[in-house]
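Spelled out, the chains give:
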Amino acid sequence: MSSADQPEHSKQEEEEAAGAAAAAEDEDTGAEVAPIVKLQEVAVSTGEEDEDILLDLKCKLYRFDKEGNQWKERGVGTVKLLKHKETQKVRLVMRQSKTLKICANHLVLASTSVQEHTGNDKSCVWHATDFSDGELKEELFCIRFASVENCKTFREKIEEIAESLEKKVEEGEESEETKSATNLLEKLNVGGSKDEEGTKEAAAADPGKDESTQQEKPESDK
């Protein structure tokens, strides 16, 4: 073998050795490596454990800004109607899809009235005494769905609940709307806050000059 062929032969041997070493590293030895830190499962409470889901739909929510006289987006996510297993009270809760931040959180009352938004059969509007920001505030909401069918389902379900509550009032049963506002706070506040000062801050509000606001504002005893 000439001296010129020796470097090529040596280079080939080195490549074969490197390939064999890589194959050895990739080989599964079956050894188990214990994690340095053990993470324990933590139970996360949503505040919805004692409630049954009556409705669950994807949507986009808006609130009417009276100062700016315009609609402002609250978020895109899922709106739910939840019925408490013990009290039988129904509340509307909406969370943003990514952050799970609460966009709306209020009781559905006998006075709750949902109407189709003028010029858009996929949207509807309603008044509510909302607690999503940590204090009771009179709000005008507008909700938009992907289809006319979902919007109709939402509106009809709330109407059904409101009519059922109104019937109970007419039959002489005690209305939950006339109870202490402290109880309202306890049920509405998903985070567990029970600040009673917010119960006196909800007052009747003019929703502005938007054409969608020409509806009867639900009464509020809060």
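Conventions used here
Numbering of residues begins from 1 in every chain and follows the order in which that chain's sequence is written. Where totals are concerned, whole chains, interfaces and linings use all residues; where local detail is concerned, this predicted model gives features only for residues with pLDDT of at least 70, and gives and counts side-chain atom pairs only at 80 or more. Neither water nor hydrogens contribute to the side-chain values; these are computed over all heavy atoms in the structure. Elements are defined by DSSP. Helices are runs of H or I of four residues or more, strands are runs of E of two residues or more, and each kind is numbered from the N terminus. Residue exposure (1.4 Å probe, protein chains only): buried if accessible area is under 20% of the type maximum, exposed if over 50%, otherwise partly exposed. The criterion for strand pairing is that DSSP finds at least two bridges linking the strands in question. Note on contacts: a residue pair qualifies if any of its non-hydrogen atoms lie within 4.5 Å across the two residues. The axes are straight lines fitted to the C-alpha atoms, using for helices just the contacting stretch, and the angles between their N-to-C directions are given from 0 to 180°. Sulfur atoms of two cysteines make up a disulfide when they are within 2.5 Å. Every case where a carboxyl oxygen of Asp or Glu lies within 4 Å of a side-chain nitrogen of Lys or Arg is listed as a salt bridge.

**Remarks on unusual backbone geometry**
- With a phi angle near 55 degrees, Asn-69 is a residue other than glycine that sits in the positive phi range.
- Relative to the assigned elements, Asn-69 resides in the loop between β1 (51-65) and β2 (70-84).
- On the basis of relative accessibility, which here comes to 40%, the residue Asn-69 falls in the partly exposed class.
- One non-glycine residue, Leu-100, lies in positive phi territory at about 65 degrees.
- With respect to the helices and strands, Leu-100 occurs in the loop between β3 (90-96) and β4 (102-107).
- Taking relative accessible area as the criterion, Leu-100 reaches 52% and is therefore assigned exposed.

**Concerning the sheet that holds β3**
- Read from one edge of the open sheet, seven strands run β4-β3-β2-β1-β7-β6-β5, paired in antiparallel fashion. Either end of the sheet is taken by a strand with one partner, and the two such strands are β4 and β5 (115-116).
- In this sheet, β3 lies alongside β2 in antiparallel orientation, the contact comprising seven bridges. Across the sheet, residue Thr-78 finds its bridge partner in β3, namely Arg-95.
- Along the sheet, helix α2 (residues 148-170) contacts β1, β2, β3, β5, β6 (123-130) and β7 (137-144); its crossing angle with β1, the most-contacted strand, is approximately 110 degrees.

**Some thoughts on the pairing of β3**
- Counting buried positions along β3 yields six of seven residues, so the element is predominantly enclosed.
- The loop that links β2 with its antiparallel partner β3 comprises five residues; one of these, Gln-88, has a positive phi angle of about 70 degrees.
- The sheet contact formed by β3 and β4 spans five bridges and is antiparallel. The residue of β4 that forms the bridge with Met-94 is Ala-104.
- Taking the residues that link successive antiparallel strands as the turn, the β3-β4 hairpin has five residues, and the phi of Leu-100 there is positive, at about 65 degrees.

**Regarding the state of the cysteines**
- Counted according to the given criterion, the structure contains zero disulfides.
- For the unlinked cysteine Cys-59, the closest cysteine sulfur is that of Cys-103, found at 8.1 Å.
- Judged by its relative accessible area of 5%, Cys-59 is buried.

**Regarding the pattern of salt bridges**
- Tallying each qualifying case throughout the model produces ten salt bridges.
- Between Glu-139 and Arg-63 there is a salt bridge, with its nearest N and O atoms 3.2 Å apart. Placement of Glu-139 in strand β7 and of Arg-63 in strand β1 is noted, with a sequence separation of 76 residues between them. Each member of the pair Glu-139 and Arg-63 is classed as buried.

Without other data, these values stay purely geometric and don't point to any function.
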